[in-house]
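These are the residues of each chain, in order.
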Amino acid sequence: MIRFILVQNRQGKTRLEKWYSQYSNQERHKLKAEVHRTVASRDQKHQSNFVEFHNHRIVYRRYAGLFFCFCIDTNDNELAYLEGIHLFVEVLDSYHGNVCELDLVFNFYLVYAVLDEMILAGEIQETSRSVILGRLDQLSSLE
């Protein structure tokens, strides 16, 4: 199960956060800082994209200047969640052209819509890019 999802830039500014477990505001702030310190300090070429973190595991991927981080249970399949991160970025790229940090900031409602179409209650529910994009087109036609 996914505990939380964070998208942070290289400076540690959180651009997206989605929490699937109960944490207080103080805990959330502390976790965001710890995740950024842990992920940003790792060598991209010689270390894996999986990090043991408290009693969980962080699966992350860096795209351009953004770190996409999923905190998952230790018994979950890391590669499935790494593929989920890649699917999330692919869907955003398909919808925006070439997604960048500003797209996440100014179109945050769309980013959360993509996340809600993919993930339900901390579990990946939809893995088809065409189905997700079709649902996003339906949502945009309602506006």
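For the structure itself, look to the data block above.
Residues numbered from 1 in each chain as written. Predicted model: local features only at pLDDT ≥ 70, side-chain atom pairs only at ≥ 80, totals over all residues. Heavy atoms only, no water.

Some remarks on the state of the cysteines
Put simply, the test is: We call a pair of cysteine sulfur atoms a disulfide when they lie within 2.5 Å. Accessible area is worked out with a 1.4 Å probe on protein chains only. A residue is then buried under 20% of its type maximum, exposed over 50%, and partly exposed in between.
One pass over the structure, following the stated rule, counts zero disulfides. Cys-71 forms no disulfide, and the closest cysteine sulfur to it belongs to Cys-69, at a distance of 9.6 Å. The buried category is assigned to Cys-71, whose relative accessible area is 0%. Note on Cys-100: no disulfide assigned, nearest cysteine sulfur contributed by Cys-69 at a separation of 18 Å.

What about the pattern of salt bridges?
Note that side chains of opposite charge can pair when their charged atoms are close. Quick reminder of the rule: Each reported salt bridge corresponds to a side-chain nitrogen of Lys or Arg within 4 Å of a carboxyl oxygen of Asp or Glu. Numbering of helices and strands starts at the N terminus; helices are DSSP runs of H or I of at least 4 residues and strands are runs of E of at least 2.
Taken as a whole and judged by the stated rule, the model has nine salt bridges. The closest approach of N and O atoms between Lys-32 and Glu-17, which form a salt bridge, is 3.0 Å. Taken together, the residues span a long stretch of sequence, with Lys-32 in helix H1 (residues 25–40) and Glu-17 in strand E2 (residues 14–19) at a distance of 15 residues. Taking the relative accessible area as the measure of exposure, Lys-32 reaches 18% and is therefore buried. The exposure class assigned to Glu-17 is partly exposed, which follows from its relative accessible area of 24%. Ionic pairing is found between Glu-78 and Arg-57, a salt bridge with its closest N-O pair at 2.1 Å. Note that Glu-78 is positioned in helix H2 (residues 78–96) and Arg-57 in strand E4 (residues 56–63), a separation of 21 residues in sequence. By the burial criterion, Glu-78 is buried, and Arg-57 matches it.

Quick look at H1
Our working definition: For a helix, the expected span equals 1.5 Å multiplied by the residue count minus one. Here, residues are in contact when the closest pair of their heavy atoms is within 4.5 Å.
For H1, which comprises 16 residues, the first-to-last C-alpha distance of 22 Å matches the rise-based estimate of 22 Å (1.5 Å per residue) to within 8%. For H1, the complete set of buried residues consists of Leu-31, Lys-32, Glu-34, Val-35, His-36 and Val-39. Contacts made by the buried residues of H1 are with strand E1 (2–9), E2, strand E3 (50–53), E4 and strand E5 (66–73).

Comments concerning the pairing of E2
Test applied: Whether two strands pair comes down to DSSP finding at least two bridges between them.
Across five bridges, the pairing between E1 and E2 is antiparallel. Bridge pairing in E2 places Val-7 opposite Leu-16. The antiparallel pairing of E1 with E2 creates a hairpin that spans four residues between the two strands, and Gly-12 there sits at a positive phi of about 100°.

Things to note about the environment of Leu-136
Within the fold, Leu-136 resides in helix H5 (residues 129–142). Using a relative accessible area of 2% as the deciding quantity, one classes Leu-136 as buried. If near-sequence neighbours (up to four positions away) are discounted, Leu-136 is found in contact with Val-91, Tyr-95, Leu-110, Ala-113 and Val-114.

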